[in-house]
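Coordinate inspection notes
Residue-level listing of the chains:
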Amino acid sequence: MAEHTSSSITIHAAPADVMGVIADFARYPEWTGEVKEAQVLSTDEQGRAEQVRLVMDAGAIKDDQTLAYTWDSANQVSWTLVKSQMLRSLDGTYLLAPAGSGTEVTYQLTVDVKIPMLGMIKRKAEKVITDRALAGLKKRVESGPK
């Protein structure tokens, strides 16, 4: 089983509000930093994204990737890589849990790049990605609807 990186943060909003921001792929370029373009390619019978194309620019790493999303419950969404220029695999999950008057959001991520990379460096990159994603999500949700 591949190792994964996991980080959590508490967001002062209801789980449904947090999941609403997570599911709004069209607005990712407004708050994620690395996502420059997001396009929902297909949706399920409930209108939730099933496949999403993301154009990423994280400085030295630029990628055009397609991810497949699985909406496991109202409080959990997972994704896996369909295709990418830079990555061999990418698996992630957002898990939301009520926490007092807010929501604890746990982000799990496993990444495998096509270029050789030491495990320690890869895990550090995963940690940076998860921490930035959670901080951006918290800021976006707590700033209210735009």
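Refer to the structure presented above.
Described below are features of the structure shown in this document. (Residues numbered from 1 in each chain as written. Predicted model: local features only at pLDDT ≥ 70, side-chain atom pairs only at ≥ 80, totals over all residues. Heavy atoms only, no water.)

**With respect to the overall build of the chain**
Applicable threshold: Counting from the N terminus, the helices are DSSP H or I runs at least four residues long and the strands are E runs at least two residues long. The contact definition used throughout considers only heavy atoms, calling two residues in contact when any of these lie within 4.5 Å. Areas reported as accessible are Shrake-Rupley estimates using a 1.4 Å probe. Residue values count occlusion only from the protein chains shown.
Helix and strand content of the chain: three helices and seven strands. For the chain, the N- to C-terminal ordering of α and β elements is β-α-α-β-β-β-β-β-β-α. Taking the contacts inside the chain whose residues are at least 6 apart along the sequence as the reference set, 43% of them involve residues at least 24 apart. Split by element, the accessible area of the chain, about 8100 Å² in all, is 55% carbon and sulfur.

**Quick notes on helix α1 (residues 15-23)**
Residues that lie three or four places apart on an α-helix share one face, since the helix turns once every 3.6 residues. To keep things clear, this is the line we draw: Each residue is assigned to one of three classes by its accessible area relative to the maximum for its type, calculated with a 1.4 Å probe on protein chains only: buried under 20%, partly exposed between the two thresholds, exposed over 50%. In this description, one arc is meant: the one made by directions from the helix axis to the C-beta atoms.
Those residues of α1 not exposed but buried are Pro15, Val18, Met19, Val21 and Ile22. Summarising the axial view, the buried residues of α1 lie within an arc of 155°, below the 170-degree limit, and thus occupy one face.

**Brief notes about the side chain of Thr93**
Threshold: Nitrogen and oxygen atoms within 3.5 Å of one another constitute a polar contact, given that in protein one can donate a hydrogen and the other can accept it, and given that sequence-neighbouring residues count only through two side-chain atoms.
Inspection of the secondary structure assignment puts Thr93 in strand β6 (residues 87-99). On the accessibility criterion, Thr93 (15% relative accessible area) is buried. A polar side-chain atom of Thr93 sits 3.2 Å from a polar atom in the side chain of Ser78. With near-sequence residues (within four places) excluded, Thr93 lies in contact with Gln76, Val77, Ser78, Trp79, Thr106, Tyr107 and Gln108.

**Looking at the pattern of salt bridges**
What counts, and what does not: Whenever Lys or Arg places a side-chain nitrogen within 4 Å of a carboxyl oxygen from Asp or Glu, that contact is recorded as a salt bridge.
The final tally for this structure, using the stated rule, is seven salt bridges. Across the pair Asp44 and Arg48 runs a salt bridge whose closest N-O atoms are separated by 2.9 Å. As a salt-bridge pair, Arg53 and Asp64 come within 2.8 Å of each other at their nearest N and O atoms. Placement of the pair is Arg53 in strand β3 (residues 49-58) and Asp64 in strand β4 (residues 61-73), with a sequence separation of eleven residues. Under the relative-accessibility criterion, Arg53 is labelled partly exposed at 22%. Each of Arg27, Glu30 and Arg140 takes part in a single network of salt bridges with overlapping partners.

**Topic: the packing of aromatic side chains**
The condition is simple: Aromatic contacts are taken between Phe, Tyr and Trp rings whose centres are within 6.5 Å, Trp giving its six-membered ring; a plane angle under 30 degrees counts as stacked, one over 60 as edge-to-face, and the others as tilted.
Applying the stated criterion to the full structure yields eight aromatic pairs. With a centroid separation of 5.6 Å and 55° between ring planes, the pair formed by Trp79 and Tyr107 is classed as tilted. Taken together, the residues Trp79 in strand β5 (residues 76-83) and Tyr107 in strand β7 (residues 102-113) connect sequence positions 28 residues apart. On the basis of relative accessible area, Tyr107 is assigned to the buried category, the value being 7%. Ring pairs connect the aromatic residues Phe25, Tyr28, Trp31, Tyr69, Trp71, Trp79, Tyr94 and Tyr107, which therefore count as one cluster.

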